[in-house]
Amino acid sequence: MRQIDLDNPATPARRPARPRLRRRLAFTLVGALAAGAAVAGVTLYDRLTNVPMNSSVLATWTVNPTHMDTSSGQGAKTLKWCLDGMPGTGEPTRITNADLRGKVTSMVINRGGTTVLCYVASGSGGFTMSVSDTGNPAHDAIAVDTGGSHGDGPDTFNYAAGFVGSDVKAISLTAHGRTFEVTVEGGRWTAWWPGSSGDRSDIIDSATLTLTDGTTRTVPRASLYSW
């Protein structure tokens, strides 16, 4: 995990609270993985700034995400932050799931054989992590690819992402006493929500799927996680 002080590059950064990460893949991002290292054929690129998603930022969270245009304004600033140091410079870039909740922008980026999930607070600090390139859930189901949390107490930031089946049109999640809408695009879903440390507030309790035929189905926690 690479740490960066965006404002004072020459000054040693205060080490932030260690993220609690979970992966479906057979490796973990916590530990001594270096940016750009290759594990089991997957290129890893991960970084975490010393600028936390603090409680004032998390308080701006909204139940419904807003689509984010990455060609200008905050969306463009976030994209630039997320691409900084990412492998594949000059190669075609594909962006999906770009959204805004309060002051936090998120997106999924694929470039040069690497796919990352990126969260940025007001264009100044956040984190990226490598995620799976593809998933294969059933046509009326979803799969959880990654999820976890960062920070402690009121500064706890929870997130999750995964894949959707071809018949899934929309998703709402229930987690930590909150029910909220999820961004679905390009065969993926992404979300984040505030939490608190010590109570596993990053765990999704259930997911309600809206299918293309207008029907809905609720998926319980036990059916969401394979780890």
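No experiment lies behind these values; they were computed from the predicted model shown.

Student: Honestly, the packing of aromatic side chains in this entry has me stumped. Any pointers?
Tutor: The geometry of two aromatic rings is summed up by the distance between their centres and the angle between their planes. Going through the model one piece at a time under the given rule, you end up with nine aromatic pairs. For the pair tyrosine 119 and phenylalanine 157, a centre-to-centre distance of 5.2 Å together with 75 degrees between the ring planes defines the contact as edge-to-face. You can see tyrosine 119 sitting in strand β9 (residues 114-121) and its partner phenylalanine 157 sitting in strand β12 (residues 157-164), a full 38 residues away along the chain. The residues tyrosine 119 and phenylalanine 157 share a single accessibility class, namely buried.

Student: I tried to follow the pattern of salt bridges on my own but got confused; where do I start?
Tutor: Where side chains of opposite charge bring their charged atoms close, a pairing between them can arise. Evaluation of the coordinates by the stated rule reveals two salt bridges. Between arginine 200 and aspartate 202 there is a salt bridge; the shortest N-O distance is 3.3 Å. On the accessibility criterion, aspartate 202 (3% relative accessible area) is buried. Aspartate 205 is paired through a salt bridge with arginine 221; the nearest N and O atoms lie 2.5 Å apart. With aspartate 205 in the loop between β16 (188-194) and β17 (206-211) and arginine 221 in helix α3 (residues 221-224), this pair connects stretches of sequence that are 16 residues apart.

Student: Can you help me understand the pairing of β17 in this one?
Tutor: In the case of a regular strand, side chains alternate between the two sheet surfaces. When strand β13 (residues 168-175) meets β17, the two strands line up antiparallel, connected through six bridges. Within the sheet, the bridge partner assigned to isoleucine 171 lies in β17 and is leucine 209. The pairing of β17 with strand β18 (residues 216-220) spans five bridges and is antiparallel. In the sheet register, threonine 210 faces β18, and the bridge partner there is threonine 216. The hairpin turn running from β17 into β18, its antiparallel successor, is four residues long, and glycine 214 in that turn takes a positive phi close to 95 degrees.

Student: Help me understand unusual backbone geometry in this model?
Tutor: Among all residues save glycine, negative phi is the norm, and among peptide bonds the norm is trans. You will see that asparagine 97, though not glycine, has its phi angle at about 55 degrees, which is positive. Mapped onto the elements of the fold, asparagine 97 is located in strand β7 (residues 93-101). A positive phi angle is found at histidine 176, which is not glycine, with a value near 55 degrees. In this fold, histidine 176 is placed in the loop between β13 and β14 (178-181).

Student: Explain the nonpolar core to me, please; I cannot follow it from the model alone.
Tutor: One broad rule of soluble globular proteins: the nonpolar side chains tend to lie buried together. Grouped together as the largest cluster of nonpolar side chains are 37 residues, with contacts concentrated most on Tyr119, Ile142, Phe157, Ile171, Leu173 and Trp189. Here the element with the most residues in this core is β12; it accounts for five residues. Contacts of isoleucine 142, omitting those with residues within four sequence positions, involve Pro137, Phe163, Val164, Val168, Ile171, Trp189, Ala207, Leu209 and Leu224. Of all hydrophobic cores here, the second largest spans 13 residues; its members include Leu79, Trp81, Leu100 and Val120.

About the cut-offs
- Residues numbered from 1 in each chain as written.
- Predicted model: local features only at pLDDT ≥ 70, side-chain atom pairs only at ≥ 80, totals over all residues.
- Heavy atoms only, no water.
- Phe/Tyr/Trp six-rings, centres within 6.5 Å; stacked < 30°, edge-to-face > 60°.
- Helix = DSSP H or I, 4+ residues; strand = E, 2+ residues; numbered from the N terminus.
- Buried < 20%, exposed > 50% of the residue type's maximum accessible area, 1.4 Å probe, protein only.
- Salt bridge = Lys/Arg side-chain N within 4 Å of Asp/Glu carboxyl O.
- Pairing = 2+ DSSP bridges.
- Core = buried A, V, L, I, M, F, W, Y, C linked by side-chain atoms within 4.5 Å.
- Contact = heavy atoms within 4.5 Å.

Just distances and angles here, no functional claims.
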